[in-house]
Amino acid sequence: IQAFDTASGAYVSSFVVSAWQSGGYDEPRIAVDDRGRLFLPDPAGGRMLVYSTAGKPLYGWGSGLFVKPLAVVTSKGGQVLVTDSGNNSLTVFTAP
């Protein structure tokens, strides 16, 4: 993941998401919430991952809830919407 300054477009930092290194996930979709946390689907692990903008893993959740989460969106109200192609669903959560 590469981070850029929203005002200038200048490169800020980058980091690797180890869960994506096993292959098979070549079109990652991520979301950033109002607190600056990055929400990343982990299709192979059947869970969601949450990172800081500096690339520090914060936590994961959803093991057992998802089959193959693929996309995520956050709302200003603190909700996290996750699409799961493994069970053809859209699930809405309050951001943990």
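Residues numbered from 1 in each chain as written. Predicted model: local features only at pLDDT ≥ 70, side-chain atom pairs only at ≥ 80, totals over all residues. Heavy atoms only, no water.

> Any chance you could explain the overall build of the protein here in plain terms?
Counting its secondary structure elements, the protein contains zero helices and nine strands. Start at the N end of the protein and walk to the C end: the helices and strands fall as β-β-β-β-β-β-β-β-β. Against the 2.2 N^0.38 benchmark of 12 Å for 96 residues, the protein shows a C-alpha radius of gyration of 13 Å, consistent with a compact globule. Projected onto its principal axes, the C-alpha positions of the protein cover 40 × 35 × 20 Å. Counting over 96 residues, the protein shows a buried share of 34%. In the protein, the share of contacts with a sequence separation of at least 24, taken over all contacts with a separation of at least 6, comes to 27%. Only carbon and sulfur atoms are counted for the fraction: they give 53% of the accessible area of the protein, which is about 5,600 Å². Between the mean site of the 7 positive side-chain charges and the mean site of the 7 negative ones, the protein shows a separation of 6 Å. (Helix = DSSP H or I, 4+ residues; strand = E, 2+ residues; numbered from the N terminus. Rg over C-alpha atoms; globule rule 2.2 N^0.38 Å. Buried < 20%, exposed > 50% of the residue type's maximum accessible area, 1.4 Å probe, protein only. Contact = heavy atoms within 4.5 Å. Areas by Shrake-Rupley, 256 points an atom, 1.4 Å probe, with all protein chains shown as cover. Lys, Arg positive; Asp, Glu negative; His and termini not counted. Charge placed at Lys NZ, Arg CZ, Asp CG, Glu CD.)

> Where do I start with the pattern of salt bridges in this structure?
Opposite charge on two side chains permits them to pair, given that their charged atoms come into close proximity. Following the criterion strictly, the structure yields two salt bridges and no others. In this structure, D33 engages R37 in a salt bridge whose closest nitrogen and oxygen atoms are separated by 2.6 Å. Take D33 and R37: they sit in the same class, and that class is buried. The closest approach of N and O atoms between R47 and D42, which form a salt bridge, is 2.9 Å. (Salt bridge = Lys/Arg side-chain N within 4 Å of Asp/Glu carboxyl O.)

> Looking at this structure, how should I read the sheet that holds strand β6 (residues 57-61)?
Read across the open sheet, the four strands follow the order β3-β4-β5-β6; overall the sheet is antiparallel. Strands with a single pairing partner mark the edges of an open sheet, and in this sheet they are β3 (31-32) and β6. Pairing of strand β4 (residues 38-42) with strand β5 (residues 47-51), which is carried by five bridges, proceeds in the antiparallel orientation. When the sheet's bridge partners are listed, L40 is paired in β5 with L49. (Pairing = 2+ DSSP bridges.)

On their own, these measurements won't tell you what the molecule is for.
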